[in-house]
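A look at the structure
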Amino acid sequence: MSEDEEDERGGGEGKRWSPDLIGGREGGSGGADPPPLSDQVLENVLENVLQFLDSRRDRNAASLVCRSWCRAEAQTRRDLFIGNCYAVSPARAVERFRRVRALVLKGKPRFADFSLVPPRWGAGFYPWLAALVPAYPWLERLCLKRMFVSDDDLSLLAKSFPSFRDLTLICCEGFGTAGLAAIAEHCRHLRVLDLIENDVEEEMVDWVSRFSTTSLESLVFDCVGCAVNLDALEALVARSPSLRRLRVNQHISVGHLRRLMARAPQLTHLGTGSFGDGGGGGGEVEVADLRAAFAASMSLECLSGFRDLASEYLPAIYPVCANLTSLNLSFADITAEQLRPVIIRCHNLQTFWVLDTVGDEGLLAVAATCKDLRELRVFPLDASEDSEGSVSDVGLVAISQGCRNLRSILYFCQRMTNAAVATMSENCQELFVFRLCIMGRHRPDHLTREPMDEGFGAIVMNCKKLTRLAVSGLLTDKAFGYIGKYGKLLRTLSVAFAGNSDLALRYVLEGCPKLQKLEIRDSPFGDAGLLSGIHHYYNMRFLWMNSCKLSIRGCKEVARRLPHLVVEVIRDKLEEDDVEAVEKLYMYRSLAGRRDDAPPFVEIL
Amino acid sequence: MEGGGSYESGDLDNLKATELRLGLPGTDEPEKLPSMLPRSSKRAILEANESQSKRNPSEIKSLEEDQKPAAKAQIVGWPPIRSYRKNSYQAMKMEAETTGMYVKVSMDGAPYLRKIDLKVYEGYKELREALEDMFKCFSLGEISRMDESNVHEYAITYEDKDGDWMLVGDVPWEMFLSSCKRMRIMKGSEAKGLGSIP
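For clarity, every value in this text was computed on a predicted model and none was experimentally measured.

Focus: the overall build of chain B
- Helices and strands together make up the secondary structure of chain B, namely 6 helices and 5 strands.
- Listing every helix and strand of chain B by position from the N terminus yields α-α-α-α-β-β-α-β-β-α-β.
- Out of the 198 residues in chain B, the part that is buried amounts to 39%.
- If you take every contact in chain B between residues at least 6 apart in sequence, the share linking residues at least 24 apart comes to 59%.
- Carbon and sulfur atoms provide 52% of the accessible area of chain B, an area that totals close to 11500 Å².

As structure tokens, then:
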């Protein structure tokens, strides 16, 4: 889902930025005179070769060789990735790439997930849809992340593309069950409908009854808040022999789940609904019966859901544990004792998401069994600064000792030490993603009372493959000095409540050549720090800064010196006491110039 | 907006330890009121707010007063958990609080135990009456009689979190709720060592 996973397979920017590109290749292949015949032959040959090129990065590199190669590459690109929907105009994108079958489009900055971007900021899908409809009649796949998509958009989408197969919506909003009904009804060849963490309007439309496809492979709807027609769902599952992934919402009880599983024993990915004996009808289910259902589903590799968990039902999954590569218990409030019998059976686990209620003890059990663990996420049940916190440096060290293959970690805690983080940096050399969130702001090493500089320093120093880093705790400029010095492959950096001065920001902007995405909040960085990145901003997808020490003057200076950067100053309230101070800054390179859909609280400098 | 200012690292830990609260010790920390979430899942937040208002008003007052100092105020979007997940967790915590708090009750001489949901009672009086009702076929006297001049026929005791057997009624009701693991109705003669009987 995230680009960090893609990066492992060599993905990259969709539109590689180079200022030269603007002058020489304005309008792409449509603007220039047709090439001479010999060149055309060469281009055809090239197209035959280039069509095998999958990696975005490779394609971008190929397109920069010369105009001929650029044209040939554009003709053969099937998968288009637009990392920022405002970086290029829809018209320009469809003009250059004429034969796109799959599109990934991302909208709002990531900090929008944490309510830092006011509503109605933008990222509407419609302008793109309007361009896609005439340009790509053979569009098959669409993935939207953090975009505003309305029911009408979904309806238009469903009716405009006869070959449409895959729709994935992640962290989007603006649509409801009416839009889903349109997709279900009109996409006759639909294979994938994955709805992941969207804010879905509850319009009480029975969308599940409207499915017209018989080739359904994946249906994920755990974020849809309202109940679905169970008979229709069961019928859908029964007539979908290709179904491999099914993730249902909370309204599906274990009784219903059992019936669904009986219809689809070939499932590889299952997301349960409620996994307890509370409400929902469907009849009471004996644990033994549920266990039998799992025993009959030996293709299962990935389990999630487990809402409203009644722990006595957990043993039902034992039959499939040995085959699991992915287990998501992050909505299950369980203790270490309840986790242990499950996890000791999961020796093939590669991805594990869990709540911190299992404590350090639970993590010890994970470390003891899951020797091939690649990704771990530990979420806090009580996400406040002064909660008790049940996981700590102890759990982190245990994981680092047991799971040497770890690639990606997201760890929320209340207490941490430099020593533990350093230990992880030494034990887990495969780390690509290290995200540590010490929930108490400015919290130091709880044993030495020192800043967390050395720990994070060790991470950037020792984990040579690191591409994504999120820091927390008490941090001085020194930590950023380390990041700038050693974080040579770093692409994404998230900073909160850290650093002492502009130096910190300078270290990072001057030291990290691969930096693409920088998001900062509540840190004492001002105009001087901002200006130290002028040389690099065209190479980045975006910079986000809120509640720092920026002023309008500094931001205007950046806008003046970098005309192809869109510099947005976002205000929460229209009447401002201090007009000089900039509360929220979002800036990104763009070929499209300032957007025309900016709301009143956004000022584009 | 807070956050830019720095303060001593140890303060947060010390603050909690020395904090003066109007609520009684042993009361569970009520849910922190959700900070402004412009477009988060409306339903969950609405439910969260409704459940809030059902709580003891004096608890809410004490919480609001505690939250006035800047250090304790809610920061928007921190810790960085997506609203979808945050709302689910809030709902889970509410769920845990509203589901019953069942404890076993044994009575000396009775052939079997009973289980009661402590959450349905508002205080000790209702609890005693309910127990008397439940065990009346076994008891030879009244359990709930509040006559100080007589020794009770029976004493209601409970086992607390530390494993000690205590007399029911000494501590505030809320504290009792959070520390009671199970109960035992014992004969008055055995209960003598447990201190004064309310």
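Back to the write-up after that little detour.
Let's talk about the pairing of strand β20 (residues 542-546) of chain A
Residue and element names in this part refer to chain A.
- Burial within β20 is extensive, with 5 of its 5 residues counted as buried.
- Residues F542, W544 and N546 point to one face of β20 and L543 and M545 to the other, with burial holding for every one of them.
- Where strand β19 (residues 517-521) and β20 come together, 5 bridges link them in parallel fashion. Looking at the pairing, L518 lines up with L543 of β20.
- Summarising the sheet, β20 and strand β22 (residues 584-589) pair through 4 bridges and their orientation is antiparallel. In the strand pairing of β22, M545 is matched with L585.

Section: the pairing of strand β1 (residues 79-82) of chain A
All names here are of chain A.
- Across 4 bridges, β1 lies against strand β2 (residues 102-106) in parallel orientation. If you follow L80 over to β2, its bridge partner there is L103.
- As for the winding sense of the linkage, the β-α-β connection from β1 through helix α6 (residues 90-96) to β2 is right-handed.

Let's talk about the nonpolar core
- Residues W207, F294, F352, F434 and L469 of chain A are the most contacted members of the largest nonpolar core, which totals 203 residues.
- With 24 residues, the next largest nonpolar core counts M107, A110, A130 and Y158 of chain B among its residues.

Digging into unusual backbone geometry
- In this structure, the amide linkage connecting W78 of chain B to the following residue, P79 of chain B, adopts the cis form with an omega of -5°.
- Inspection of the secondary structure puts P79 of chain B in the loop between α3 (57-67) and α4 (83-98).
- One non-glycine residue with positive phi stands out, namely E197 of chain A, at about 50°.
- Summarising the element assignment, E197 of chain A is placed in the loop between β6 (192-196) and β7 (199-201).

Concerning the confidence of the model for chain A
- Mean pLDDT over chain A works out to 90, with 92% of the residues at or above the 70 mark.
- Here helix α2 (residues 19-24) of chain A stands out as the least confident element of chain A, with mean pLDDT 35; strand β17 (residues 468-470) of chain A is the most confident, with 98.

Digging into the environment of L518 of chain A
Residue and element names in this part refer to chain A.
- Mapped onto the secondary structure, L518 falls in strand β19.
- Relative accessible area serves as the criterion here: at 1%, L518 is assigned to the buried category.
- Excluding anything up to four places from it in sequence, L518 contacts L493, L505, L509, M540, F542, L543 and W544.

A closer look at the sheet that holds strand β1 (residues 102-107) of chain B
Residues and elements named next belong to chain B.
- Ordered by their spatial adjacency, 5 strands build an open sheet running β2-β1-β5-β3-β4, and the pairing between neighbours is mixed. One side of each edge strand has no neighbouring strand; the edge strands of this open sheet are β2 (114-117) and β4 (165-167). Each strand of the sheet is rotated relative to its neighbour by a mean of 35°, with strand direction disregarded.
- As paired elements, strand β3 (residues 154-159) and strand β5 (residues 182-187) share 6 bridges and run antiparallel to each other. Bridge pairing in β5 places T157 opposite R184.
- Relative to β2, helix α5 (residues 124-135) is tilted by about 155°, and along the sheet it contacts β1, β2, β3 and β5.

Describing the pattern of salt bridges
All names here are of chain A.
- Using the criterion set out here, one finds 37 salt bridges over all chains in the structure.
- R141 is paired through a salt bridge with D79; the nearest N and O atoms lie 3.2 Å apart. Remark: D79 occurs in strand β1 and R141 occurs in strand β3 (residues 141-145); sequence separation between them is 62 residues.
- On the basis of relative accessibility, which here comes to 28%, the residue R141 falls in the partly exposed class.
- Residue E557 is joined to R560 by a salt bridge in which the shortest nitrogen-to-oxygen separation is 2.9 Å.

Overview of the packing of aromatic side chains
Residue and element names in this part refer to chain A.
- A complete count under the given rule lists 25 aromatic pairs over all chains for this structure.
- For the ring pair F275 and F306, a centre distance of 4.9 Å and an interplane angle of 75° mean the geometry is edge-to-face. With F275 in the loop between β10 (269-271) and α12 (287-295) and F306 in the loop between β11 (302-304) and α13 (318-321), the pair connects residues that are 31 residues apart, well separated along the chain.
- F275 gets classed as buried once you look at its relative accessible area, which sits at 0%.
- What links up through ring pairs into an aromatic cluster is the set Y86, F111, F114, W121, F542, W544, Y586 and Y588.
- Positioned above the aromatic ring of F497, the side-chain terminus of R441 is 5.5 Å from the ring centre.
- Between the NZ or CZ atom of R595 and the centre of the ring of Y86, over which it lies, the distance is 4.6 Å.

Thoughts on helix α16 (residues 393-402) of chain A
Residue and element names in this part refer to chain A.
- Of all 10 residues that make up α16, 7 are buried, and the element is covered over most of its length.
- When we look at burial in α16, the residues that qualify are D393, G395, L396, A398, I399, S400 and G402.
- If you follow the buried residues of α16, they end up packed against α15 (359-369), β14 (375-379), β15 (408-413) and α17 (418-427).

Some remarks on helix α10 (residues 230-238) of chain A
Residues and elements named next belong to chain A.
- Restricting attention to buried positions, one finds in α10 the residues A232, L233, E234, L236 and V237.
- Where the residues of α10 are buried, they touch β8 (218-220), β9 (245-247) and α11 (254-263).
- Sitting at the head of α10, N229 places a side-chain oxygen 3.1 Å from the backbone nitrogen of D231.

Let's talk about the environment of A496 of chain A
- Following the sequence through the fold, A496 of chain A ends up in strand β18 (residues 492-496).
- For the pair formed by A496 of chain A and Y318 of chain A, sequence separation is 178 residues and the distance between their alpha carbons is 41 Å.
- When sequence neighbours within four positions are dropped, the list of residues in contact with A496 of chain A reads V471, R521 and S523 of chain A together with W78 of chain B.

Things to note about the side chain of D151 of chain A
All names here are of chain A.
- Within the secondary structure, D151 is located in helix α8 (residues 151-160).
- No salt bridge is formed by the buried D151; the nearest opposite charge belongs to R210, separated by 11 Å.
- A polar contact of 3.0 Å, which involves the side chain of D151, links it to the backbone nitrogen of G179.
- Each residue touching D151, except ones within four places of it in the same chain, is listed here: G174, F175, G176, A178, G179 and E203.

A closer look at the environment of W138 of chain A
- Positionally, W138 of chain A belongs in the loop between α7 (126-135) and β3.
- Sequence-wise, W138 of chain A and F161 of chain A are 23 residues apart; in three dimensions their C-alpha atoms are separated by 6.2 Å.

Side note on the packing of α7 of chain A against α8 of chain A
Residues and elements named next belong to chain A.
- Relative to each other, α7 and α8 sit at 15°, their axes nearing to 11 Å. Comparing the axis directions of α7 and α8 gives the class roughly parallel. Crossing hand, α7 versus α8: left-handed. Two secondary-structure elements touch here, α7 through Y126, L129 and V133 and α8 through D153, L156, L157 and S160.
- For the contact of α7 with α8, the residue count by class is 5 nonpolar, 1 polar and 1 charged.

Regarding the packing of α16 of chain A against α17 of chain A
All names here are of chain A.
- Axis separation between α16 and α17 bottoms out at 9 Å; the angle between their running directions is 10°. Relative to α17, the element α16 is oriented roughly parallel. Seen from α16, the contacting residues are D393, L396, V397, I399, S400 and Q401; seen from α17, they are A420, V421, T423, M424 and N427.
- Residue classes in the contact of α16 with α17 are distributed as 6 nonpolar, 4 polar and 1 charged.

Structural notes on the side chain of T168 of chain A
- Within the fold, T168 of chain A resides in strand β4 (residues 166-170).
- Leave out the neighbours within four places in its chain, and T168 of chain A touches L142, C143, L144, V192, D194 and I196 of chain A.

Cut-offs used in this document
- Residues numbered from 1 in each chain as written.
- Chains lettered and ligands numbered in written order.
- Predicted model: local features only at pLDDT ≥ 70, side-chain atom pairs only at ≥ 80, totals over all residues.
- Heavy atoms only, no water.
- Helix = DSSP H or I, 4+ residues; strand = E, 2+ residues; numbered from the N terminus.
- Buried < 20%, exposed > 50% of the residue type's maximum accessible area, 1.4 Å probe, protein only.
- Contact = heavy atoms within 4.5 Å.
- Areas by Shrake-Rupley, 256 points an atom, 1.4 Å probe, with all protein chains shown as cover.
- Pairing = 2+ DSSP bridges.
- Right-handed = clockwise from strand over helix to strand, strands pointing away.
- Core = buried A, V, L, I, M, F, W, Y, C linked by side-chain atoms within 4.5 Å.
- pLDDT = per-residue confidence, 0-100.
- Axes fitted to C-alpha atoms, helices over the stretch in contact; angles between N-to-C directions.
- Salt bridge = Lys/Arg side-chain N within 4 Å of Asp/Glu carboxyl O.
- Phe/Tyr/Trp six-rings, centres within 6.5 Å; stacked < 30°, edge-to-face > 60°.
- Lys NZ or Arg CZ within 6 Å of the ring centre and 35° of its normal.
- Polar contact = N/O pair within 3.5 Å; in protein donor to acceptor, adjacent residues only side chain to side chain.
- Lys, Arg positive; Asp, Glu negative; His and termini not counted.
- Parallel < 35°, antiparallel > 145°, perpendicular 65-115°, else oblique.
- Left-handed = near helix turned anticlockwise from the far one by under 90°.
- Nonpolar A, V, L, I, M, F, W, Y, C, P; charged D, E, K, R; others polar.

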